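Fold and contact review
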Amino acid sequence: MSSTFQLYNTLSRKKETFEPINPPHVGMYVCGPTVYGDPHLGHARPAVTFDLLFRYLAYLGYKVRYVRNITDVGHLENDADAGEDKIAKKARLEQLEPMEIAQRYTNSYHNAMQRLNVLPPSIEPHASGHILEQIAMVTEILKRGFAYEVNGSVYFDVEAYNKKHTYGKLSGRVLSDLMANTRDLDGQDEKRNPADFALWKKASPEHIMRWESPWSVGFPGWHLECSAMSTKYLGETFDIHGGGLDLMFPHHECEIAQSVAACGHDAARMWVHNNMVTINAQKMGKSLGNFITLEELFTGAHRLLTQAYSPMTIRFFILQAHYRSTLDFSNEALQAAEKGLQRLLAAQKTLPQLKPSDKSSLDVSRLLAACRAALDDDLNTAMALAAISEWIKNINAVKAGTETLTAADIETLKSDFTLITADILGIKDDSQAADNRQDLSAELINLLLNLRQQAKSGKDFATADKIRNELANLGVTVKDAKDGFEWSVS
Ligand code: ZN
């Protein structure tokens, strides 16, 4: 277990040595998608960032419980608790059930994540499946005097909270400024203070997603689900809360206030935020015409794209930058990432072809050491990829005979290179060629089994058994069938 892993904590505004509350267990909560549309570039970055953190913590020996939610209710169009529910609106436009919308885009999100080689979280709770927990939390916050009820809706009382605690400590916002700067919105007169936010909203007659509660038939406020579900699955105090920087205010600020109001103390020890993506140096937005879904990126079907980019090119591109820097997508930058990825994958293929020498001219332990040092320094993937790039040069030099490695060093290099690139960074070959190679394996198994059939017909049972046993050693189970054979890979 590493005691040298440093992670930047947005709350303390500094890098901290990572020490879990209850080692070897680590509790990590990350805000997941609101499932009302196809996943886009903005979804890829937090997913890859926290996938890397999940993989790296596992590599360091921790048992990570990674909770990433699905928001399927309560996220209104306007962050100030106004407008229609995003999912309900999409359902109305497409004449579907809200849960059909949520399911469709959850599937679409999962599919994109799988293609990006993002591991599934340990638990993926849905907001609509945790209404009781959210009602219980509102009840507790009311009891402790940090909320008030008006006409069946319950609002968080930011001013009352700020008298005992600090509202704004994550984002650095000051309540008096917020109150001065927030304009009164239509229909917001129920709130005592424009900075207050909804914990429970009474449903209007046309609002279709609604549940019974002590206050009204209604629905929970968006911020509430994360506080309720993180507490349920990770306890009142847990190690890491993550998400995109765009969620820091108001969403994460409100989460902190809710947890402190209900439990009397902070829930998450460390807050980790990935920075935003831009497209050709512009913020991504539907109104700007530069809104690119992941599917469009993977197929190239968008007017701003000159070609398709593979999911692995996107992953590699995201990892090339440190997660706390902004990341600008452009065709030039993606094409450069594509070249970098191909160079890395080529090196992976070169490794098994290296010929051993009597002596090593290189110190192979430096690859893992350099990558560990980079990742220990607040997940500096840019530095790690620079170290890998150096070693790609070395691998090619050994192939060319200008550097030498012993057989043992080649084995170490192979295993370290795979550990860093495939297991920790999650980079794999997702090209057509890789798919073709999978088809080729199937064809080769069929070829061998046809030869086995011939051997059996010729009463050469020794050869037939040998083929079956050797395949079994490779994890291929062969079953004799009426008209030939069946096989499966374990
Ligand atoms: Zn959240």
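1. Here's the deal with the nonpolar core
One finds L297, F329 and I388 to be the most contacted residues of the largest nonpolar core, which totals 80 residues. Per element, the largest residue contribution to this core is ten residues, and it comes from helix α1 (residues 41–59). Counting the residues that make up this core, at least three belong to each of domain 1 (6–274) and domain 2 (278–429). Each residue touching F329, except ones within four places of it in the same chain, is listed here: L41, V277, T278, I279, N280, L297, I314, F317, I318 and L334. Membership of the second largest hydrophobic core comes to 43 residues, among which are V158, L170, M229 and L247.

2. Here we look at a nonpolar patch on the surface
There is a patch of nonpolar side chains on the surface, built from L440, L444, L447, L448 and L451 and spanning about 440 Å² of accessible area. Note that L447 resides in helix α15 (residues 432–457).

3. Quick notes on the sheet that holds strand β3 (residues 25–30)
Remark on secondary structure: sheet strands pair via backbone hydrogen bonds, oriented parallel or antiparallel. Spatially, the four strands line up as an open sheet ordered β4-β3-β11-β12, and their pairing is parallel. Either end of the sheet is taken by a strand with one partner, and the two such strands are β4 (63–68) and β12 (268–274). Recorded for the sheet is a direction-independent mean angle of 20° between the axes of neighbouring strands. Note that β3 and β4 share six bridges and pair parallel. Directly across from V30, in β4, lies its bridge partner R68.

4. Overview of the packing of aromatic side chains
This model, assessed by the stated rule, comprises eleven aromatic pairs. Centre to centre, the rings of F54 and Y66 are 4.9 Å apart; their planes meet at 65°, and the pair counts as edge-to-face. On the criterion of sequence distance, the pair formed by F54 in helix α1 and Y66 in strand β4 is long-range, its members being twelve residues apart. Per residue, the accessibility class of F54 equals that of Y66, and both read buried. Here the aromatic residues F5, F18, Y56, Y59 and Y62 are joined through ring pairs into a cluster of three or more. One residue, R192, lies across the ring of Y148, its end atom 3.9 Å from the ring centre. Over the ring of Y8 we find R324; its NZ or CZ atom is 3.9 Å from the centre of that ring.

5. A few points about helix α3 (residues 98–115)
Taking 1.5 Å of rise per residue, 18 residues should cover 26 Å, and α3 covers 26 Å from first to last C-alpha, within 8% of that figure. Buried residues of α3: P98, I101, A102, Y105, T106, S108, Y109, A112 and M113, and no others. End-on view of α3: buried residues confined to an arc of 165°, all on one side of the axis. Among the structural elements, α1, β4, α2 (86–94) and α9 (294–299) are those in contact with the buried residues of α3.

6. Things to note about the coordination of the zinc ion
Coordination sphere of the zinc ion, protein contribution only: C31 (SG), C226 (SG) and H251 (NE2), at 2.1 Å. Each donor residue of the zinc ion lies on one chain, and together they are spaced C-x194-C-x24-H. Placement of C31 in the loop between β3 and α1 and of H251 in helix α8 (residues 248–263) is noted, with a sequence separation of 220 residues between them. Like H251, C31 is buried.

7. Some thoughts on the side chain of T350
Inspection of the secondary structure puts T350 in helix α11 (residues 331–350). Every residue in contact with T350, bar those within four places of it in the chain, is listed here: I395, N396 and K399.

8. Some words on unusual backbone geometry
As a rule of thumb, non-glycine residues mostly have phi less than zero, and peptide bonds are mostly trans rather than cis. A cis amide bond links P23 with the next residue in sequence, P24, at an omega value of 5°. Topologically, P24 is positioned in the loop between β2 (14–17) and β3. In this structure, the amide linkage connecting F249 to the following residue, P250, adopts the cis form with an omega of 0°. Within the element layout of this structure, P250 appears in helix α8. The phi torsion at Q95 lies on the positive side, around 55°, for a residue other than glycine. Since its relative accessible area comes to 73%, Q95 is described here as exposed. The backbone of N280 sits at a positive phi, close to 45°, despite the residue not being glycine. Along the polypeptide, N280 turns up in the loop between β13 (277–279) and β14 (282–283).

9. A look at the domain arrangement of the protein chain
By the assigned domains, the protein chain splits into domain 1 (6–274), domain 2 (278–429) and domain 3 (434–489). Once you take the C-alpha centre of each, domain 1 and domain 3 turn out to be 52 Å apart.

10. Overview of the sheet that holds strand β8 (residues 153–156)
What the four strands build is an open sheet, ordered β7-β8-β9-β10; its pairing is antiparallel. Every interior strand has two partners, whereas the edge strands, β7 (147–150) and β10 (218–220), have only one. Ignoring strand direction, the axes of neighbouring strands in this sheet form an average angle of 20°.

11. Some words on the layout of surface pockets
Roughly 1300 Å³ of volume is contained in the largest pocket. When residues in the lining of the largest pocket are grouped by element, the largest group, five residues, is from α1. Residue composition of the lining of the largest pocket, grouped by class: 18 nonpolar, 17 polar and ten charged.

Definitions and cut-offs
Residues numbered from 1 in each chain as written. Predicted model: local features only at pLDDT ≥ 70, side-chain atom pairs only at ≥ 80, totals over all residues. Heavy atoms only, no water. Core = buried A, V, L, I, M, F, W, Y, C linked by side-chain atoms within 4.5 Å. Buried < 20%, exposed > 50% of the residue type's maximum accessible area, 1.4 Å probe, protein only. Helix = DSSP H or I, 4+ residues; strand = E, 2+ residues; numbered from the N terminus. Domains from an automatic or database assignment. Contact = heavy atoms within 4.5 Å. Patch = residues over 30% accessible without salt bridge, like charges linked within 9 Å, V, L, I, M, F, W, Y side chains within 5 Å. Areas by Shrake-Rupley, 256 points an atom, 1.4 Å probe, with all protein chains shown as cover. Salt bridge = Lys/Arg side-chain N within 4 Å of Asp/Glu carboxyl O. Pairing = 2+ DSSP bridges. Axes fitted to C-alpha atoms, helices over the stretch in contact; angles between N-to-C directions. Phe/Tyr/Trp six-rings, centres within 6.5 Å; stacked < 30°, edge-to-face > 60°. Lys NZ or Arg CZ within 6 Å of the ring centre and 35° of its normal. Expected span 1.5 Å × (residues − 1). Arc of directions from axis to C-beta. Donors = N, O, S within 2.8 Å, 3.2 Å for Na, K, Ca; no water. 1 Å grid on protein atoms, 1.4 Å probe; cavity = no way out; pocket = protein on both sides within 12 Å on 5 of 7 lines; lining within 4 Å. Points joined across faces, edges and corners; volume = space filled by probe spheres on them. Nonpolar A, V, L, I, M, F, W, Y, C, P; charged D, E, K, R; others polar.

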